[in-house]
Amino acid sequence: MRASVAERETELVETPTGLPVLLNLPKARRLSDDEFFECCQLNRDLRMERTAEGRLSIMPPTGFTASDRNAEITHQLRSWAKRDGTGRTADSSGGYRLPNDAVRSPDASWIRKDRLATVSLETLEGFLPLCPDFVLELRSPTDTLATLQAKMVEYMENGAQLGWLIDPSDRTVHIYRPGKPVERLRAPTSVSGEDVLPGFELLLGEVW
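These remarks concern the structure in this document. All chains use their own residue numbering, which begins from 1 and follows the written sequence. Per-residue local features of the predicted model are confined to residues with pLDDT of at least 70, and side-chain atom pairs are confined, for both listing and counting, to 80 or more; whole-chain, interface and lining totals are unaffected and use all residues. The side-chain figures draw on all heavy atoms in the structure; neither hydrogens nor water molecules are used.

To continue, consider the nonpolar core. Here, nonpolar core refers to any group of buried Ala, Val, Leu, Ile, Met, Phe, Trp, Tyr and Cys residues whose side-chain atoms link them within 4.5 Å. Between buried and exposed lies partly exposed: a residue is buried under 20% and exposed over 50% of the maximum accessible area for its type, with that area taken using a 1.4 Å probe on protein chains only. Grouped together as the largest cluster of nonpolar side chains are 21 residues, with contacts concentrated most on Ile73, Phe134, Leu136, Trp164, Ile166, Val173 and Leu202. The numbering of helices and of strands both runs from the N terminus, where a helix is a DSSP run of H or I of at least 4 residues and a strand a run of E of at least 2. Among the elements of the structure, α3 (64–84), β7 (108–112), β8 (134–138), β9 (162–167) and β10 (172–176) are those that each provide at least two residues to this core. The contact criterion used throughout is that any non-hydrogen atoms of two residues lie within 4.5 Å. Here valine 173 is in contact with Trp164, Leu165, Ile166, Glu183, Arg184, Leu185, Pro188, Val191, Leu204 and Trp208, once residues within four sequence places are set aside. Judged by nonpolar contacts, the second largest core, of 18 residues, contains Tyr96, Ile111, Leu116 and Leu148.

Stacked, edge-to-face and tilted labels apply to pairs of Phe, Tyr and Trp rings (six-membered ring for Trp) whose centres lie within 6.5 Å, assigned for plane angles under 30 degrees, over 60, and everything in between, in that order. Counted by the stated rule, this structure contains 4 aromatic pairs. On the basis of an interplanar angle of 45° and a centroid distance of 5.7 Å, the ring pair of tryptophan 80 and phenylalanine 200 is categorised as tilted. Residue tryptophan 80 is located in helix α3, and its partner phenylalanine 200 is located in the loop between β12 (190–192) and β13 (201–203); the two are separated by 120 residues in the primary sequence. Each member of the pair, tryptophan 80 as well as phenylalanine 200, is classed as buried. An aromatic cluster of three or more residues is present, and its members are Trp80, Trp110, Phe134, Trp164 and Phe200.

Attention now goes to the sheet that holds β9. Pairing between two strands requires that DSSP report at least two bridges joining them. Taken in spatial order, the 6 strands make up an open sheet running β4-β7-β8-β9-β10-β11, and their pairing is mixed. Both edges of this open sheet fall to β4 (87–91) and β11 (183–186), since each of them pairs with a single strand only. Recorded for the sheet is a direction-independent mean angle of 15° between the axes of neighbouring strands. Of the strand pairs in this sheet, β4 and β7 are connected by 5 bridges, and their pairing is antiparallel. Across the sheet, residue aspartate 91 finds its bridge partner in β7, namely alanine 108. To obtain an axis, a line is fitted to C-alpha atoms, over the contacting stretch when the element is a helix, and the angle between two such axes runs from 0 to 180 degrees between their N-to-C directions. The strands touched by α3 are β4, β7, β8 and β9; relative to β7, the strand with the most contacts, the crossing angle is about 20°.

Any carboxyl oxygen of Asp or Glu within 4 Å of a side-chain nitrogen of Lys or Arg constitutes a salt bridge here. Counted by the stated rule, this structure contains 7 salt bridges. Measuring nitrogen to oxygen at the nearest pair gives 2.9 Å for the salt bridge that ties aspartate 114 to arginine 112. Residue classification places aspartate 114 among the partly exposed residues on the basis of a relative accessible area of 47%. Within the structure, one salt-bridge network assembled from shared partners comprises Arg112, Asp114, Arg115 and Asp133.

In this sheet, β11 lies alongside β10 in antiparallel orientation, the contact comprising 4 bridges. Note on β11: the bridge partner recorded for threonine 172 is arginine 186. Counting the residues between successive antiparallel strands, the hairpin from β10 to β11 contains 6 residues, one of them, glycine 179, with a positive phi of roughly 75°.

Pasting the structure below:
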């Protein structure tokens, strides 16, 4: 039987650095969306996500190198999005409440404006109750590859149309598409946004 995202994550709690930490809560005390959002605001020094089963995933801020790489990726994606005009981007601080009720904060994401138009302005101030069309995760030294792979599968299962998992440690890009095998590119100089992000090409020279 195929393991759930939660089961795949549970196997990865004990990493060499002890991160990420998965915190189990009593079922009777599962945090509501508003409570979890408030919890995140009160603990801004931590990156927090919620699994579909209601457990909290707690991670520290990344180091400078990982943050610099992510800033470069976000800059390139946002620059393209402004020229394209059909969608909006978010960085790693933006949370999405997926259809399976998990709350995830990908390192970079893009979502079509016509989908955003279905959400009220008030709702936009909190976790966006949609799955992004495009999602990107950048592996940092505290991330296990399997944890990020499980997240990418979860994004695809919840509606993402394209996903990139970038691993600078071996200069590999894992490309995820719904219903298709994962494609792995070794040390590419760039990667194309295909039909989901038409005209976008992420240049990886500054990322490696």
